[in-house]
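Chain residues, written in single-letter form:
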Amino acid sequence: MENKQNQILSEGINFYNKKAFKKALNFFLSLPADSGADPMETAYYLGLCYAKLQKYEDALLYLETVVTSGGQIERVLQCRFLLAVIYAVSGRRRLADFELNKLLETGYMTPSVYAAIAFVAWEQKDTEKCLSYYEKSLKADPENVTSLNGMGYVLACSDKDLTKALSLCKKAVESSPNSAACLDSLGWVYYKLGLYGDAIKYLEMAENLDKENAEIAEHIRLAVQKGGK
């Protein structure tokens, strides 16, 4: 039965694995009610697809379904983590805290979970907790790009250790050269160091990748103002 169910979903899963998220989403949405597909497996992939496409409200519906199903523990933990991230980026910090604490209670203490806790702490203006959890994340995985970038940016914003911030953000950009977030953070570190030419260079690279980002635009405005460009 399980093999048959896997075959029913295989085309959509293949689309998802190839990062063709819209095609995958359309496939899963088009499955007829009597297809024989496992509803929890379908909900899982629908949640992932919507999350990848940044349609967060739709993603929440399916991810919550998986979490409350009490099914495969790894799937439940993964979906709970995604819920926490979505709640964090959409400003629902109490809900993000709830999901992250549930993960910690289970012992699911991955570098990504630590990074998510750090992000929520930063949003709550708790800089010390934020840096502490980024450190935990990097101790577990020194190459974690999210934590390299996040910690570097927070250090720069806090004017705590700009040399370390520069090192962390450079490493993040080396790993993810096409990440607008990483390029913006590196540019912001250079701004804080007073190296406005370098700041503008990286901030403009970030803007080219994310033209609608108001924070990047503000960083460029400040760097240009200071640099007299």
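Structure shown above.
Draft legend 1. Seen up close, the packing of aromatic side chains. Tallied over the full model, the rule gives 10 aromatic pairs. With a centroid separation of 5.4 Å and an interplanar angle of 80°, the aromatic rings of Phe-27 and Phe-28 are classed as edge-to-face. Like Phe-28, Phe-27 is buried. Ring plane angle 10° and centroid distance 4.6 Å describe the contact between Trp-188 and Tyr-191, whose orientation is recorded as stacked. Residue Trp-188 and its partner Tyr-191 are located together in helix α11 (residues 180–192), separated by three residues, close to a single helical turn. The class of Trp-188 is buried, set by a relative accessible area of 9%. Here a set of aromatic residues connected by ring pairs shows up, and it is made of Tyr-16, Phe-21, Phe-27, Phe-28, Tyr-44 and Tyr-45. Directly above the aromatic system of Tyr-44 lies the positively charged group of Arg-75, at a separation of 3.8 Å from the ring centroid. Positioned over the ring face of Tyr-133 is Lys-136, at 5.5 Å from the centre of the ring.

Draft legend 2. Highlighting the nonpolar core. The biggest cluster of nonpolar side chains holds 80 residues, and the ones touching the most others in it are Phe-28 and Leu-100. Among the elements that take part in this core, helix α5 (residues 73–89) stands out by supplying nine residues, more than any other. With residues near it in sequence (within four places) discarded, Leu-100 still touches Ala-84, Val-113, Ala-116, Ile-117 and Val-120.

Draft legend 3. Region of the structure containing unusual backbone geometry. Despite not being glycine, Lys-19 shows a phi value in the positive range, around 65°. Positionally, Lys-19 belongs in the loop between α1 (2–17) and α2 (21–30). With phi around 55°, Asp-159 is a residue other than glycine that occupies positive phi space. Tracing the chain through its elements places Asp-159 in the loop between α9 (145–158) and α10 (162–175).

Draft legend 4. Inspection of the pattern of salt bridges at higher detail. Applying the stated rule across the entire model yields seven salt bridges. A salt bridge links Arg-92 to Glu-57; its shortest N-O distance comes to 2.6 Å. One end of the pair, Arg-92, is in the loop between α5 and α6 (93–105); the other, Glu-57, is in helix α4 (residues 56–69), and 35 residues separate them in sequence. For Arg-92, a relative accessible area of 26% gives the class partly exposed. A relative accessible area of 51% places Glu-57 in the exposed class. In this structure, the salt-bridge partner of Glu-99 is Arg-80, at a minimum N-O distance of 2.6 Å.

Calculation criteria
- Residues numbered from 1 in each chain as written.
- Predicted model: local features only at pLDDT ≥ 70, side-chain atom pairs only at ≥ 80, totals over all residues.
- Heavy atoms only, no water.
- Phe/Tyr/Trp six-rings, centres within 6.5 Å; stacked < 30°, edge-to-face > 60°.
- Buried < 20%, exposed > 50% of the residue type's maximum accessible area, 1.4 Å probe, protein only.
- Helix = DSSP H or I, 4+ residues; strand = E, 2+ residues; numbered from the N terminus.
- Lys NZ or Arg CZ within 6 Å of the ring centre and 35° of its normal.
- Core = buried A, V, L, I, M, F, W, Y, C linked by side-chain atoms within 4.5 Å.
- Contact = heavy atoms within 4.5 Å.
- Salt bridge = Lys/Arg side-chain N within 4 Å of Asp/Glu carboxyl O.

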